[in-house]
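# Tertiary structure, described
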Amino acid sequence: RALLRRLWKGDASARMLHPRLQKAMGAYLRANKHGVRFRGRRAAGRSRAELLCALRGRVRVRTLDGSEPPFSALGWRALVPAVPLGRLLPRGLRTCAVVTSAGAILNSSLGEEIDSHDAVLRFNSAPTRGYEKDVGNKTTVRIINSQILTNPRHHFIDSSLYKDVILVAWDPAPYSANLHLWYKKPDYNLFTPYVQHRQRNPDQPFYILHPKFIWQLWDIIQENTREKIQPNPPSSGFLGILLMMSLCGEVHVYEYIPSVRQTDLCHYHEPYYDAACTLGAYHPLLYEKLLVQRLNTGAQGDLHRKGKVVLPGLRAVRC
Ligand code: C5P
């Protein structure tokens, strides 16, 4: 609870985490399994305006377009959707919702508010059916990690969760963004199911995030954080928030920074408890959330009661 209040105010630190989470973070720092070498400069004291300006200048949503090897030689130019992700949604999207899968969204009654947005982004296997009152039922975009495509438990091929939506998949690549290395040794092999799915469902927009986009966001988090962050990719949540900030006029994020309903229940749809889901062990989640807190233009009451953060779209940012 003390940590939650510090998070709301934006002055939390990893030292406030449970020793178990601190230990896990330390192990990830030592392992550095993606070969991260931070070459940027720390700029930890930026104001909101300065932060937004830096984001607008740096964040370029990129997906694999098949123009680079090894994908070019594999015929991916013709495989990926003809319309790039950045031009798929109408330019006039006024407000968008990003709905995290946190257990804290249960009993929020946010469903109606969420569905009132022009577009709604959800994550991985988070369902709406049976949870409409709290999470709504509209889904425009779904971000999925490579485990969704590869673990049979998720029934990626036939589950209705992954139909009639824009799909955006990702997998942790080396920090070098060497596409050859990544193609040979992805964390989970998403390439084979991606190709298969594109061939069978050519009309469904389905993209893979470019590793450069993912690590660019990691660099931005580290640049704006005084502590050393985990050398692992940002969470799907952070990727989704920045994607929607690039596409929408305004982004309303639900239960990313936890409300008073904060709980160790990892997901609203699964009976699994772990504080790491909200505060991070593998992902630099605490630092992502501190950055998003600094960008929040919404009311403090909405943050506490709804777990809602309001962020400006990057197109409207004036530098
Ligand atoms: O666990 P999963 O990655 O599917 O959840 C989607 C996103 O929601 C996470 O990447 C994270 O950013 C956010 N989340 C959270 N707190 C939780 C569960 C998820 O902030 N308890």
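Look up a bit, the structure's there.
Residues numbered from 1 in each chain as written. Predicted model: local features only at pLDDT ≥ 70, side-chain atom pairs only at ≥ 80, totals over all residues. Heavy atoms only, no water.

### Digging into the overall build of the protein chain
Helix and strand counts for the protein chain come out as 14 helices and seven strands. For a compact globule of 319 residues, the expected C-alpha radius of gyration is about 20 Å, and the protein chain comes in at 19 Å, within 12% of that figure. Along the first, second and third principal axes, the C-alpha atoms of the protein chain reach 55 × 45 × 45 Å. Once local pairs closer than 6 in sequence are excluded, the contacts in the protein chain between residues at least 24 apart make up 71%. Carbon together with sulfur atoms contributes 50% to the accessible area of the protein chain, which is approximately 14,500 Å² in total. Counting 45 positive and 25 negative side-chain charges, the protein chain places the centres of these two groups 7 Å from one another. (Helix = DSSP H or I, 4+ residues; strand = E, 2+ residues; numbered from the N terminus. Rg over C-alpha atoms; globule rule 2.2 N^0.38 Å. Contact = heavy atoms within 4.5 Å. Areas by Shrake-Rupley, 256 points an atom, 1.4 Å probe, with all protein chains shown as cover. Lys, Arg positive; Asp, Glu negative; His and termini not counted. Charge placed at Lys NZ, Arg CZ, Asp CG, Glu CD.)

### Remarks on the nonpolar core
Core analysis: the largest hydrophobic core is formed by 67 residues, its most contacted members being I241, M244, M245 and L311. Tallying contributions element by element places helix α11 (residues 236-247) first for this core, with eight residues. Discounting chain neighbours no more than four positions away, the residues touching I241 are V98, V253, Y256, V292 and L311. Ranked by size, the runner-up nonpolar core spans 21 residues in total, among them W76, V80, A169 and F191. (Core = buried A, V, L, I, M, F, W, Y, C linked by side-chain atoms within 4.5 Å. Buried < 20%, exposed > 50% of the residue type's maximum accessible area, 1.4 Å probe, protein only.)

### A closer look at the site of the ligand
Near the ligand there are 15 residues, and of these N124, S235, H267, T278 and K289 occur at the shortest range. The contact in question runs from an oxygen atom of the ligand to an N or O atom on the side chain of S235, over 2.8 Å. Contacts to the ligand include C266, whose backbone N or O atom sits 3.0 Å from a nitrogen atom. Burial of the ligand by the protein chains amounts to 89% of its free accessible area of 440 Å². In a pocket analysis with a 2 Å cut-off to the grid points, the ligand is assigned to the largest pocket. Looking at the shell around the ligand, the elements that each hand over two or more residues are α11, α12 (276-279) and α13 (285-295). Of the residues in the shell around the ligand, the class split is six nonpolar, eight polar and one charged. (Near = heavy atom within 4 Å. Polar contact = N/O pair within 3.5 Å; in protein donor to acceptor, adjacent residues only side chain to side chain. 1 Å grid on protein atoms, 1.4 Å probe; cavity = no way out; pocket = protein on both sides within 12 Å on 5 of 7 lines; lining within 4 Å. Sits in = over half its atoms within 2 Å of the grid points. Nonpolar A, V, L, I, M, F, W, Y, C, P; charged D, E, K, R; others polar.)

### So, the state of the cysteines
This structure, assessed with the given rule, holds three disulfides. Put simply, C96 and C248 are joined by a disulfide, and their sulfur atoms are 2.0 Å apart. Between C96 and C248, the disulfide has an S-S torsion of -90 degrees and is therefore left-handed. Of the two residues, C96 is situated in strand β1 (residues 95-99) and C248 in the loop between α11 and β6 (250-254); the sequence distance between them amounts to 152 residues. Taken as a pair, C96 and C248 share a single burial class, namely buried. Each sulfur in the disulfide pair C266 and C277 lies 2.1 Å from the other. (Disulfide = S-S within 2.5 Å.)

### Let's talk about the packing of aromatic side chains
Per the counting criterion, the structure on display carries 17 aromatic pairs. Seen in terms of ring centroids, Y28 and Y282 are 5.4 Å apart; in terms of plane orientation they differ by 80 degrees. Their pairing is edge-to-face. Taken together, the positions of Y28 in helix α2 (residues 19-31) and Y282 in the loop between α12 and α13 put the pair 254 residues apart, joining distant regions of the chain. With 4.7 Å between their ring centres and 70 degrees between their planes, Y194 and F206 make a pair best called edge-to-face. (Phe/Tyr/Trp six-rings, centres within 6.5 Å; stacked < 30°, edge-to-face > 60°.)

Structural measurements only, silent on function.
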